[in-house]
Amino acid sequence: MKKRDLRAAFYEAADEFLKDHKVIQMKNFIQHGNVTTYDHVRHVAECSYRMNHRFHLHANDFELIRGAILHDYFLYDWHTFGDGLHGYHHPARALKNAERDFGLSMREKNIISSHMWPLTLRSCPKCREAWIVCLADKICSTYETIRMRKGMA
Ligand SMILES: [Fe+2]
Ligand SMILES: [Fe+2]
C-alpha cells in the first residue's frame, strides 16, 4: 500500500475510537512542547499501523490501534503531578484507567503495561502488537522532543 493510502486506511480504522469522548480527554494534557497526549497517542497509533503494514508484521490492527491509543491514558499533567518518576509509574496508571473505562483484551493490556520497556524491566512486551507500540512510542517521542527543542512544536 502507498504512503497516502496507509494514512487513509489508518484513519478509517481508528476514526471512531479517536472520537470517543473518553479518549478525547487526553486533549487536556500536554505530552511534549505543545503536543497534547491525544496528538501523541494518535501519532503512535498511526506509526504502529504503518509499521505493521509496511513490514508485513501481521499484528492485529484492531488491538494494535486501541492499545496504541490507550498506551498513555494516565490522564494527568506529568509536568506538575507525581514524584518525578512518571516514566516508571505511568504505564500502570494508564492500564488502571483504561481497564476502568474500556473492556481490554490481553494484548491491549500488554501493549499498555509494557510500552516503556526496558525502563520497566519486569513489564516486557509479550506479543507483536506490544513490540510494535513499544518501538513506535520511542520513535514518536524522540521526534516530538526534537521538534520541541527546535521550537517547532
Ligand atoms: Fe508512555
Ligand atoms: Fe507514549
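Structure report, in brief. All values derive from a computational prediction rather than experimental measurement.

A word on a nonpolar patch on the surface
Here is step 1 of the chain: On the surface, Leu85, Tyr88 and Leu119 cluster together to form a nonpolar patch covering roughly 270 Å² of accessible area.
Here is step 2 of the chain: Of note, Tyr88 is situated in helix H5 (residues 86-101).

Comments concerning the packing of H5 against helix H6 (residues 106-114)
Here is step 1 of the chain: Put simply, H5 and H6 touch, their axes get as near as 7 Å, and they point 150 degrees apart. Taken together, H5 and H6 sit at an angle that is classed as roughly antiparallel. Here Pro91, Ala94, Leu95, Ala98 and Glu99 of H5 lie close against H6, whose contacting residues are Lys109, Ile112 and Ser113.

Digging into the coordination of the iron ion (ligand 2)
Working reference: metal with six octahedral donors, ideal angles 90 or 180 degrees; metal with four tetrahedral donors, ideal angle 109.5 degrees.
Here is step 1 of the chain: On the protein side, the iron ion (ligand 2) has His40 (NE2), His71 (NE2), Asp72 (OD) and Asp137 (OD) as donor atoms, found 2.1 to 2.2 Å from it.
Here is step 2 of the chain: Relative to the metal, the four donor atoms surrounding the iron ion (ligand 2) lie at angles of 84 to 176 degrees, and the coordination shape comes out irregular.
Here is step 3 of the chain: Note on His71: relative accessible area 0%, which makes it buried.

Things to note about the packing of aromatic side chains
Here is step 1 of the chain: Applying the stated criterion across every chain yields a total of six aromatic pairs.
Here is step 2 of the chain: The lysine or arginine in question, Lys22, covers the ring of Phe102, its NZ or CZ lying 4.7 Å from the ring centre.
Here is step 3 of the chain: The ring of Phe17 carries Arg66 above its face, with NZ or CZ at 5.0 Å from the centroid.

A word on the nonpolar core
A general trend in soluble globular proteins is that nonpolar side chains are found buried together.
Here is step 1 of the chain: Val23, Met26, Ile69, Leu70 and Tyr73 are the most contacted members of the largest nonpolar core, which has 39 residues in total.
Here is step 2 of the chain: Elements with a contribution of two residues or more to this core: helix H1 (3-18), helix H3 (37-54), helix H4 (61-70), H5, H6 and helix H7 (128-149).
Here is step 3 of the chain: Sort the elements by how many residues they give to this core and H3 lands first, with seven residues.
Here is step 4 of the chain: Once residues lying within four places of it in the same chain are set aside, the contact partners of Val23 are Phe17, Leu18, Tyr38, Ile69, Leu70 and Phe102.

Quick notes on the side chain of Asp137
Here is step 1 of the chain: Considering the arrangement of structural elements, one finds Asp137 in helix H7.
Here is step 2 of the chain: Put simply, Asp137 is tucked away with no salt bridge, and the nearest opposite charge, on Lys138, sits 5.1 Å away.
Here is step 3 of the chain: Within polar-contact distance, the side chain of Asp137 engages the side chain of His40 at 2.9 Å.
Here is step 4 of the chain: Of the polar contacts made by the side chain of Asp137, one reaches the side chain of His71; its length is 3.1 Å.
Here is step 5 of the chain: Those residues within four positions of Asp137 in sequence are excluded, and the remaining contacts are His40, Val44, His71, Asp72, His115 and Met116.

Basis of the calculations
Residues numbered from 1 in each chain as written. Chains lettered and ligands numbered in written order. Predicted model: local features only at pLDDT ≥ 70, side-chain atom pairs only at ≥ 80, totals over all residues. Heavy atoms only, no water. Patch = residues over 30% accessible without salt bridge, like charges linked within 9 Å, V, L, I, M, F, W, Y side chains within 5 Å. Areas by Shrake-Rupley, 256 points an atom, 1.4 Å probe, with all protein chains shown as cover. Salt bridge = Lys/Arg side-chain N within 4 Å of Asp/Glu carboxyl O. Helix = DSSP H or I, 4+ residues; strand = E, 2+ residues; numbered from the N terminus. Axes fitted to C-alpha atoms, helices over the stretch in contact; angles between N-to-C directions. Parallel < 35°, antiparallel > 145°, perpendicular 65-115°, else oblique. Contact = heavy atoms within 4.5 Å. Donors = N, O, S within 2.8 Å, 3.2 Å for Na, K, Ca; no water. Tetrahedral: all angles 85-135°; square planar, octahedral: opposite > 155°, others 65-115°. Buried < 20%, exposed > 50% of the residue type's maximum accessible area, 1.4 Å probe, protein only. Phe/Tyr/Trp six-rings, centres within 6.5 Å; stacked < 30°, edge-to-face > 60°. Lys NZ or Arg CZ within 6 Å of the ring centre and 35° of its normal. Core = buried A, V, L, I, M, F, W, Y, C linked by side-chain atoms within 4.5 Å. Lys, Arg positive; Asp, Glu negative; His and termini not counted. Polar contact = N/O pair within 3.5 Å; in protein donor to acceptor, adjacent residues only side chain to side chain.

So far we have only geometry, and geometry alone does not tell us how the molecule works.
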